[in-house]
Amino acid sequence: GQQVMQIPQYQHVQEGEDFTTYCNSSTTLSNIQWYKQRPGGHPVFLIQLVKSGEVKKQKRLTFQFGEAKKNSSLHITATQTTDVGTYFCAPSSYGKLTFGQGTILTVHP
Amino acid sequence: GAVVSQHPSRVICKSGTSVKIECRSLDFQATTMFWYRQFPKQSLMLMATSNEGSKATYEQGVEKDKFLINHASLTLSTLTVTSAHPEDSSFYICSAGGETQYFGPGTRLLVL
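(A) Here's a closer look at the interface of chain B and chain A. Each side of the interface is counted separately: chain B has 19 residues, and chain A has 18 residues. Buried surface at the junction of chain B and chain A, both sides included, amounts to about 1400 Å², of which 55% is carbon and sulfur. The salt bridge partner of lysine 96 of chain A is glutamate 59 of chain B, with a shortest N-O separation of 3.4 Å. Linking chain B with chain A are six residue pairs in polar contact (both at pLDDT 80 or more).

Shown next, in the form of structure tokens:
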């Protein structure tokens, strides 16, 4: 499967600060999906990116897919305590997901 | 979105026993379901692809005789951990869907 590396592994922010997690691949990806997993919960689908250079926004979340389709990022503006959890990127192949290591986000009130 | 359920949500068993975990798609049919395992503070690792009416496809390093998968209907896949050992203690999660995968709530297995 297509391997992806995610950085950072951990991120601690104060409420109101921004947060970014990066997902990198050595090979060109056909797509990338992002999931959020709350502590003790299961992954929840956030978005799928398919096109080169694609940018999608969901309220305070901005997702980008690199021009070469080898990297992606998730940016959260003005974090809230409800944003805590682990964010995973994962390329998908006919539903089969290869998860990155995830970035654990902690938001201090 | 679509709903996927899992049962049980948590199970404690003795070493050497077998445990069956069910994954159901409640409001859609799924010819393919996926089983993942997640150890504490780690990522999700795909174990196998469950195919309705045919044999499951296992990822490299996953013992097919230890993790038995049955996908007898379009809404149900089962994972049986046979002769469970403490190192099998983990969070087992299934998913189903198309391009968008919907995950079950997971099953926490503790083998004593």
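(B) Spatial organisation of the state of the cysteines. On inspection of all chains with the given rule, the structure shows two disulfides over all chains. Between the sulfur atoms of cysteine 23 of chain A and its disulfide partner cysteine 89 of chain A the distance amounts to 2.0 Å. Handedness here is read from the sign of the S-S torsion; for cysteine 23 of chain A and cysteine 89 of chain A, about 75°, the answer is right-handed. Of this pair, cysteine 23 of chain A sits in strand S3 (residues 19-24) while cysteine 89 of chain A sits in strand S9 (residues 85-90), and the two are 66 residues apart along the sequence. The same class applies to cysteine 23 of chain A as to cysteine 89 of chain A, namely buried. With a sulfur-sulfur separation of 2.0 Å, cysteine 23 of chain B is cross-linked through a disulfide to cysteine 94 of chain B. Since a negative S-S torsion denotes a left-handed disulfide, the cysteine 23 of chain B-cysteine 94 of chain B link at about 85° is right-handed. Highlighted residues: cysteine 23 of chain B in strand S3 (residues 19-25) and cysteine 94 of chain B in strand S9 (residues 90-97), separated in sequence by 71 residues. Of the two residues, cysteine 23 of chain B and cysteine 94 of chain B, both sit in the buried class. For cysteine 13 of chain B, which is in no disulfide, the shortest distance to another cysteine sulfur is to cysteine 94 of chain B and amounts to 18 Å.

(C) Region of interest: the sheet that holds strand S7 (residues 61-65) of chain A. Residues and elements named next belong to chain A. The strand order across the open sheet formed by five strands is S1-S3-S8-S7-S6, and the pairing between neighbours is antiparallel. Each edge of the open sheet is held by one strand with a lone partner, namely strand S1 (5-7) and strand S6 (55-58). On average, adjacent strands in this sheet sit at an angle of 15° to one another, irrespective of strand direction. Bridging between S3 and strand S8 (residues 71-76) involves six bridges; their strand directions are antiparallel. Bridge assignment links tyrosine 22 to a residue of S8, and that residue is serine 73.

(D) Structural context of the packing of aromatic side chains. Enumeration over the complete set of coordinates arrives at 10 aromatic pairs over all chains. Ring plane angle 75° and centroid distance 5.7 Å describe the contact between tyrosine 35 of chain A and phenylalanine 45 of chain A, whose orientation is recorded as edge-to-face. Of this pair, tyrosine 35 of chain A sits in strand S4 (residues 32-37) while phenylalanine 45 of chain A is found in strand S5 (residues 43-49), placing the two residues 10 residues apart along the sequence. Residue tyrosine 35 of chain A is classed as buried on the basis of its relative accessible area of 0%. Aromatic ring contacts, followed pair by pair, group Tyr35, Phe45, Phe88 and Phe99 of chain A together with Tyr36 and Phe103 of chain B into a single cluster. Here the guanidinium or amino end of lysine 66 of chain B rests over the ring plane of phenylalanine 67 of chain B, the centre of that ring lying 5.9 Å away. If you follow arginine 108 of chain B out to its NZ or CZ, it ends over the ring of phenylalanine 91 of chain B, 4.1 Å from the centre.

(E) Spatial organisation of the nonpolar core. Residues Trp35, Phe67, Leu79, Tyr92 and Leu109 of chain B are the most contacted members of the largest nonpolar core, which totals 24 residues. What leucine 79 of chain B contacts, discounting residues up to four positions off in sequence, is Val19, Lys20, Ile21, Trp35, Phe67, Leu68, Ile69 and Tyr92 of chain B. Of all hydrophobic cores here, the second largest spans 19 residues; its members include Val13, Trp34, Leu61 and Leu105 of chain A.

(F) Inspection of the pairing of strand S7 (residues 67-73) of chain B at higher detail. Residues and elements named next belong to chain B. Looking at chain direction, S7 and strand S8 (residues 76-81) are connected through five bridges and run antiparallel. Among the inter-strand pairings, leucine 68 is bridged to a residue of S8, identified as threonine 80. Between S7 and S8, which pair antiparallel in sequence order, lie two residues.

Thresholds applied
- Per chain, residues are indexed from 1 in the order of the written sequence.
- Chain labels run from A onward and ligand labels from 1 onward, assigned in the order the entries are written.
- The predicted nature of this model means local features are confined to residues of pLDDT at least 70 and side-chain atom pairs, given and counted, to a pLDDT of 80 or more, with totals for whole chains, interfaces and linings taken over all residues.
- The basis for every side-chain value is the complete set of heavy atoms in the structure, and neither hydrogens nor water enter the calculation.
- Here a residue-residue contact requires only that any non-hydrogen atoms of the pair lie within 4.5 Å.
- Here the quantity called buried area is the total loss of accessible area, with a 1.4 Å probe, experienced by two parts when brought into contact, counted for both.
- The salt bridge criterion pairs a side-chain nitrogen of Lys or Arg with a carboxyl oxygen of Asp or Glu, the two atoms within 4 Å.
- Any pair of N or O atoms that falls within 3.5 Å is considered a polar contact. Within protein, one atom must be able to donate a hydrogen and the other to accept it, and sequence-neighbouring residues count only if both atoms are side-chain atoms.
- A pair of sulfur atoms, both from cysteines and within 2.5 Å, is called a disulfide here.
- What counts as a helix is a DSSP run of H or I of at least four residues, what counts as a strand is a run of E of at least two, and both are numbered from the N terminus.
- Partly exposed describes any residue whose relative accessible area lies between the buried limit of under 20% and the exposed limit of over 50%, with all areas from a 1.4 Å probe on protein chains only and scaled to the type maximum.
- At least two DSSP bridges between two strands are required for those strands to pair.
- Axis geometry follows a simple rule: fit a line to the C-alpha atoms, using only the stretch in contact for helices, then measure angles between N-to-C directions, giving values from 0 to 180 degrees.
- Working definition: a ring pair exists when centres of Phe, Tyr or Trp rings (six-membered ring for Trp) sit within 6.5 Å. Plane angles under 30 degrees give stacked, over 60 give edge-to-face, the rest tilted.
- Here, a charge over a ring means that NZ of Lys or CZ of Arg falls within 6 Å of the ring centre while also lying within 35 degrees of the ring normal.
- To define a nonpolar core, start from buried Ala, Val, Leu, Ile, Met, Phe, Trp, Tyr and Cys residues and group those joined through side-chain atoms within 4.5 Å.

Take it as geometry only, folks, not as evidence of what the structure does.
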